[in-house]
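Remarks on the overall topology
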Amino acid sequence: MGDPWKRKEVIGDCTLYLGDCREITPLLCPIESCVTDPPYGMNFQSNYRIEKHKKIENDAGIDLLLWTCSLPVQFSSYVWMRWNNIGAIPEPKSLITWVKNNHSMGDLDHEHGRKTEVCAFYAGPNHRFPNGRPNDVLMGTRTGNEYHPTQKPVDLMRNVIDWCAGTVFDPFMGSGTTLVACAKLGRAGIGIELDPDYFDIACKRVEEAYRQPDMFVQADKPEPTQEGFDLA
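Bear in mind that the values here come from a model prediction, so they are computed numbers and not experimental data.

1. A closer look at the side chain of Lys152
In this structure, Lys152 sits in the loop between β7 (137–139) and α3 (154–162). At 2.5 Å, the side chain of Lys152 forms a polar contact with the side chain of Asp37. A polar contact of 2.9 Å, which involves the side chain of Lys152, links it to the side chain of Glu117.

2. Thoughts on the pattern of salt bridges
Taken as a whole and assessed by the stated rule, the structure comprises eight salt bridges. With its nearest N and O atoms 2.6 Å apart, the salt bridge here joins Arg7 to Asp200. Residue Arg7 is found in strand β1 (residues 7–11), and its partner Asp200 is found in helix α5 (residues 196–211); the two are separated by 193 residues along the sequence. Using a relative accessible area of 31% as the deciding quantity, one classes Arg7 as partly exposed. Between Asp37 and Lys152 there is a salt bridge, and its shortest N-O distance comes to 2.5 Å. Within this pair, whereas Asp37 is found in the loop between β3 (31–36) and α2 (63–69), its partner Lys152 is found in the loop between β7 and α3, the two being separated by 115 residues in sequence. Assigned by exposure class, Asp37 and Lys152 land together as buried.

3. Structural notes on unusual backbone geometry
The residue after Cys29, namely Pro30, is reached through a cis peptide bond having omega 5°. Relative to the helices and strands, Pro30 is located in the loop between α1 (21–28) and β3.

4. Details of the confidence of the model for the protein chain
Mean pLDDT for the protein chain: 84, with 77% of residues reaching 70 or above. Contacts of residues 44–56 to residues separated by more than four positions or lying in other chains number 29 contacts, the stretch itself having pLDDT below 50. Counting interchain partners and residues more than four positions distant, the pLDDT-below-50 stretch residues 218–232 has 34 contacts.

Criteria and cut-off values
- The residue count restarts for each chain, going from 1 along the sequence in the order it is written.
- With pLDDT at 70 or above as the cut-off, local features in this predicted model cover only qualifying residues; side-chain atom pairs require 80 or more to be listed or tallied, and sums for whole chains, interfaces and linings still use all residues.
- Side-chain numbers here rest on the full set of heavy atoms in the structure, without hydrogens or water.
- The numbering of helices and of strands both runs from the N terminus, where a helix is a DSSP run of H or I of at least 4 residues and a strand a run of E of at least 2.
- Pairs of N or O atoms are called polar contacts if they sit within 3.5 Å, as long as, within protein, a hydrogen donor faces a hydrogen acceptor (for residues adjacent in sequence, only side-chain-to-side-chain pairs).
- When a carboxyl oxygen of Asp or Glu is within 4 Å of a side-chain nitrogen of Lys or Arg, the pair counts as a salt bridge.
- Per-residue accessibility, obtained with a 1.4 Å probe over protein chains only, is compared with the maximum for each type, and a residue is labelled buried under 20%, exposed over 50%, and partly exposed between these values.
- pLDDT: the predictor's confidence for each residue, scored from 0 to 100.
- The contact definition used throughout considers only heavy atoms, calling two residues in contact when any of these lie within 4.5 Å.

Structural data, given as structure tokens:
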């Protein structure tokens with residue numbers, strides 16, 4: 001049998017896989033830290049703005065959200081989701097709230113305008129906060145979703161990665177924001193993406209991040225703790 005991925009690209013300290021995360025992830029274990037934004041049942045389809053994004057794969061239900069929340073990690077797992085997923089997932093240690101600079105449309109008559117998005121935090125058996133205990137609220141400007149319909153801001157993901165030890169894993173890489181943040185922080189990262197178009201975008205963004213490093217961030221190279229990540 002061949003490799004479960006269709007492509008593998010190594011860019012700096014980041015490794016990007018094109019394929020199904022459920023097939024590739026078992027070969028990467030043990031996972032050190034996970035920071036990801038999986039499909040969580042929105043069945044998202046963007047409307048026309050500047051451009052129209054394609055429909056998100058596997059977004060009709062919460063199976064992949066539950067899979068992600070149950071993924072064993074050594075240190076930390078941060079899983080973005082919709083606020084009303086909280087009753088369906090395993091109970092997290094903390095619920096992180098991202099406060100945005102705008103609000104969603106939703107039900108204009110019978111629902112408060114939502115200016116927040118939440119992230120479930122799970123602590124692994126060797127968990128530690130590398131930079132001290134963080135708060136559970138993050139402020140951040142929402143992106144214009146230039147590359148992906150649910151794109152997160154790089155600065156937001158940088159803040160979350162700063163809370164994690166070890167290599168950072170994103171099984172739902174999308175347009176690569178998590179690995180862009182890893183590149184700018186000098187952190188090792190691994191990403192998996194199912195869609196070849198988004199995979200290409202992620203590769204280009206990570207390459208660009210390495211070409212234009214953040215002069216104000218000192219590269220953080222945590223000591224290696226696992227050997228399961230570097231696959232041939």
